[in-house]
Amino acid sequence: ESPMEQAAQVDLTEIDGGLSMLLERSRQSLGSCKEAAMFLRSRARVEEEYGRGLQKVAQQTIKMMDNGGKSVVGMSTQQAAWQRLVEVHETLASNRMKFSITLSEMADYLANYVKIKEGVRRKLKESEMRYQKAIDESQVMLEKARAKYEVQCGEWERLLVKSSKADGAGPVSGGAGLSGGGGTGGGGIGGIGGTAASKTKNVSSAMSGIFGKHKGTPQETLERMGQEAGVKAKVANEAYKRLLHQTNAIRRDFYDVQLPKTLASVMGLAEEVDQFLKFTLGKYAYTYESAVLADAITLKPMDGATVGMVEMVGDIDSKADLDAYLQAAAQTGGRVDRANIPYYEYRMSTMAQLYANPRPIFGVPLDEQLARDGQPVPLILLKCAEAVEAYGLQNEGIYRQSGQSSQVNKLRTEFDLSAEHVCLAGNSHVGDVNNIASVLKMYLRELPGGLIPATQRAAMLAYFSADDAPLADDRDLAHRIDGMALAIHNMPEPYRNTLNHLFTHLDKVQAFQEFNMMNSENLGIVFGPTILPPANNPANAAMDIRKSAKMVKFILDNRRAIFGEL
C-alpha cells in the first residue's frame, strides 16, 4: 500500500494535531514541486547555454571557412567533410534548443500549478484556524462564566454558614444547594461544611459593622443577603450552563463535521500534488530520453542512406587534396621577383616635423623672423589680436590681468614651434582670454631691443617728460604729432608695420573701455614698458617707464593723426 493509502486508514480526527500534520505534509509536497520547477528551469538554462554555444561555434566555423575563400581547385574532401560536420553540430544545437524550450515550459507550468495549489492550501488552513479560533474564544467565555458561577456560589455558601451560626442552628442540609443537572451528589453546594469556623471572632466583628448600617436584626440581614446571593448564584449557573451547551455544540460541529471535511480536502490536495509531481517527472524523463535519442540519430542515422560523423571523417582523402592544390598552384602561380628592393623615405607627421625643425619667435629679432617667415607682421600679433577682439574686448582688465602661467607657457611653446599652425579660434585657451593677452605681452617684451629701434626710441621719448606737465598749446600738440609720425616713418618697415598693427588693435580695445576699464592711460601703463624696455641704469629706469607710458597713451589718443601721415 502507498503511504497515502496507509494514512487514509488512520483516523486523523482522533489524533491531536492530525490536521496540522497533514497540512505540513501538503506543504512538503508543494515544496518538492517547487524544487522540481527550479531544477527544470536550471536544466533548461544549461541546455539553452549549451545549444547557443554549440550554435555559435558552428556559425564561427562557417564564417572562417567563408573568409578563407574557395580554392582554385574547388572544394577539397577535407572542406566537404568539415562542412557536413558543422551542419551536424547545427542540428545538435537545434535539438538542444528545442529541449530547453520544452523544459522551460514544463517549469513554468509546474510553478503556476504550485502557486494555485498553495492558494487552496492557504484557504483550507485559514478555514481551520477560523474554527479553532471560534472554539478557543467560546472556551474562554465558558471559563469566565464558570469562574463567576463558582464565585457567586461560594459567596452564597459563606452567607448560609454565617446565618446558621448566628441563629444557633445546626449544619445546613445539602438539599438546599443548586444541583442543576450537572452538580455533585444530592447535596449540591449546600453540603459544604463550616470551613470558616476558625475565623468566627473576626467575622463577628465584621458583621457588627454591617449590621450597624441596616435596619432590622442581624439575623434578618443575613437571611436577606443570603437570598440575594442565592439568586445571583442561580443566574450565574444558568449562564454557565448556556455557554457550556453552546461551546459543546461548536466543538461537536467542528470535530464531527468540519474537521473531517477539511482533512479530506487536505488529503486530496496532498495526493493530487504528489501525483502531478510524479507525472511531471515522468514527462521530463521521456523528454530527456527523446532528446538524447534525437542526438544519437543525428550522429548516427539509422535510415541507411545518410552517413554518420565517423563516415564523414572517413571520406577525407588528404593526399588527393594536397596533389590537387600543388597542381593548381603550379599552373596559376607567378614568378619570383629578383629585382633590388627600392628605398622608401620615411615621411614624418606634420607635428613631428615641427619638433624636428622648430621656427622660434620668442627672443628672435623682429626683422630676422619676419624675413624668415615671409610675413609683413608677426603671426603671433595677428592671431592674438584677432582672438582678443573676438573674445576679450568686454573682458574687464584685459591686458592688465595675468593669465594662468601653465597655459601661457603652453601657448608660448606652440608659437615657438610654428606660429602658422597655432589655432586660437575655439581653442581651450579661449576659456581665459587673459592667457592669449599674456603670451602676446611676453612676446613683445622679449623682442631684442624692444619694438621701437634705439635710434627712434630716443627721439620719441624726448617729446615726453617724467612729470605730468601738460601740453602748452595746439602748436605743441601738432609739433609732437609730427615728431612721432616722423620717427615712426624712419623705422625699418617690419617695425613700422608691426607698431601700426599693434596700436590699431589697442585702439579697438580702448573703444570698449566702459566694459574693460582699459583706457589709453591704462594701456600706456601696461604696454609702455613692454614695447620700450627700461634702461639698464636703475636711476633712469623709473623715468623711462613713466615716459614710455605717456608716449603710448599719446600715440593711442592721436593714432589716426600719427599713422595717417605714413
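Residues numbered from 1 in each chain as written. Predicted model: local features only at pLDDT ≥ 70, side-chain atom pairs only at ≥ 80, totals over all residues. Heavy atoms only, no water.

## Examining helix α14 (residues 474-489)
Residue pairs three or four apart in sequence face the same way in an α-helix, which turns once every 3.6 residues.
Inference 1: Between the first and last C-alpha of α14 there are 22 Å, a value that for 16 residues agrees with the 22 Å anticipated at 1.5 Å per step.
Inference 2: Looking at α14, one finds that the buried residues are R480, I481, G483, M484, A485, A487 and I488. (Helix = DSSP H or I, 4+ residues; strand = E, 2+ residues; numbered from the N terminus. Expected span 1.5 Å × (residues − 1). Buried < 20%, exposed > 50% of the residue type's maximum accessible area, 1.4 Å probe, protein only.)

## Here we look at the nonpolar core
As a rule of thumb, nonpolar side chains are buried together in soluble globular proteins.
Inference 1: In terms of nonpolar packing, the biggest core is built from 59 residues, with Y399 and F415 touching the most fellow members.
Inference 2: Counting residues per element, this core draws most heavily on helix α12 (residues 433-445), which supplies 8 residues.
Inference 3: The residues contacting F415, other than those within four sequence positions of it, are R359, I361, F362, I380, C384, V422, L424 and V439. (Core = buried A, V, L, I, M, F, W, Y, C linked by side-chain atoms within 4.5 Å. Contact = heavy atoms within 4.5 Å.)

## Overview of the pattern of salt bridges
Inference 1: Inspection of the entire model under this criterion finds 20 salt bridges.
Inference 2: Close ionic contact of R43 with E47 constitutes a salt bridge, the shortest N to O distance being 3.0 Å. Separated by 4 residues within a single helix, R43 and E47 lie in helix α2 (residues 18-67), roughly one turn from each other. For the pair formed by R43 and E47, the shared burial category is buried.
Inference 3: Here E150 and R146 are joined by a salt bridge, their closest N and O atoms 2.4 Å apart. Here the residue E150 and the residue R146 both occupy positions in helix α3 (residues 77-166), the gap between them amounting to 4 residues, near one helical turn.
Inference 4: On the accessibility criterion, E150 (45% relative accessible area) is partly exposed. (Salt bridge = Lys/Arg side-chain N within 4 Å of Asp/Glu carboxyl O.)

## Topic: the environment of E396
Inference 1: Take E396: it is sitting in the loop between α10 (379-391) and α11 (405-417).
Inference 2: C-alpha of E396 to C-alpha of M517: the two residues are 121 residues apart in sequence and 5.9 Å apart in space.
Inference 3: Ignoring any residue separated from it by four or fewer positions in sequence, one finds E396 in contact with Q401, F515, N516 and M517.

## Some words on empty space enclosed by the protein
Inference 1: The full count for this structure, using the stated rule, is 1 cavity of 30 Å³ or more.
Inference 2: Of the voids in this model, the largest cavity is the one considered here, and its volume is about 50 Å³.
Inference 3: Counting residues per element, the ones that place at least two in the lining of the largest cavity are α9 (366-373) and α10.
Inference 4: With 3 residues, the top contributor of residues to the lining of the largest cavity is α9.
Inference 5: Tallied by class, the residues present in the lining of the largest cavity amount to 6 nonpolar, 2 polar and 1 charged. (1 Å grid on protein atoms, 1.4 Å probe; cavity = no way out; pocket = protein on both sides within 12 Å on 5 of 7 lines; lining within 4 Å. Points joined across faces, edges and corners; volume = space filled by probe spheres on them. Nonpolar A, V, L, I, M, F, W, Y, C, P; charged D, E, K, R; others polar.)

## Focus on the packing of aromatic side chains
Inference 1: In total, this model carries 14 aromatic pairs according to the counting rule given.
Inference 2: Arranged with centres 5.7 Å apart and planes meeting at 5 degrees, the rings of F99 and Y288 form a pair that is stacked. Of this pair, F99 sits in helix α3 while Y288 is found in helix α5 (residues 218-299), placing the two residues 189 residues apart along the sequence.
Inference 3: Since its relative accessible area comes to 3%, F99 is described here as buried.
Inference 4: Arranged with centres 5.0 Å apart and planes meeting at 75 degrees, the rings of F254 and Y255 form a pair that is edge-to-face.
Inference 5: Residue F254 is classed as buried on the basis of its relative accessible area, which comes to 3%.
Inference 6: Judged by relative accessible area, Y255 falls into the partly exposed class, the value being 33%.
Inference 7: Here the aromatic cluster, defined as three or more aromatic residues joined through ring pairs, consists of F39, F99, Y284 and Y288.
Inference 8: Sitting above the plane of the Y288 ring, R43 keeps its charged end 4.4 Å from the centroid.
Inference 9: Taking the ring centre of F554 as reference, the NZ or CZ of R480 above it sits at 5.5 Å. (Phe/Tyr/Trp six-rings, centres within 6.5 Å; stacked < 30°, edge-to-face > 60°. Lys NZ or Arg CZ within 6 Å of the ring centre and 35° of its normal.)

## Some points on the confidence of the model for the chain
Detailed reading of predicted coordinates is not advised where the pLDDT is low.
Inference 1: Averaged over all residues, the pLDDT of the chain equals 81, while 84% of them reach at least 70.
Inference 2: At the level of individual helices and strands, the chain shows its lowest average pLDDT in helix α4 (residues 200-211), which scores 40, and its highest in helix α15 (residues 493-510), which scores 95.
Inference 3: Here residues 169-177 is modelled with pLDDT under 50, and outside its nearest four sequence neighbours on either side it reaches 17 contacts, counting other chains as well.
Inference 4: In the predicted structure, residues 179-214 sits below a pLDDT of 50 and forms 33 contacts with residues beyond four places in sequence or in another chain. (pLDDT = per-residue confidence, 0-100.)

## Considerations on the packing of α12 against helix α17 (residues 520-531)
Inference 1: In contact at an axis separation of 8 Å, α12 and α17 are set at 40 degrees when each is read in the N-to-C sense. Together, K441, L444 and R445 of α12 and V526, F527, T530 and I531 of α17 make up the contact between the two elements. (Axes fitted to C-alpha atoms, helices over the stretch in contact; angles between N-to-C directions.)

## Details of the packing of α10 against α15
Inference 1: Where α10 meets α15, the axes come as close as 10 Å, and the angle between the chain directions of the two elements is 5 degrees. Relative to α15, the element α10 is oriented roughly parallel. Along the contact surface, α10 presents L381, L382, A385, V388 and E389, while α15 presents T498, H501, L502, H505 and K508.
Inference 2: For the contact of α10 with α15, a count of residues per class yields 5 nonpolar, 3 polar and 2 charged. (Parallel < 35°, antiparallel > 145°, perpendicular 65-115°, else oblique.)

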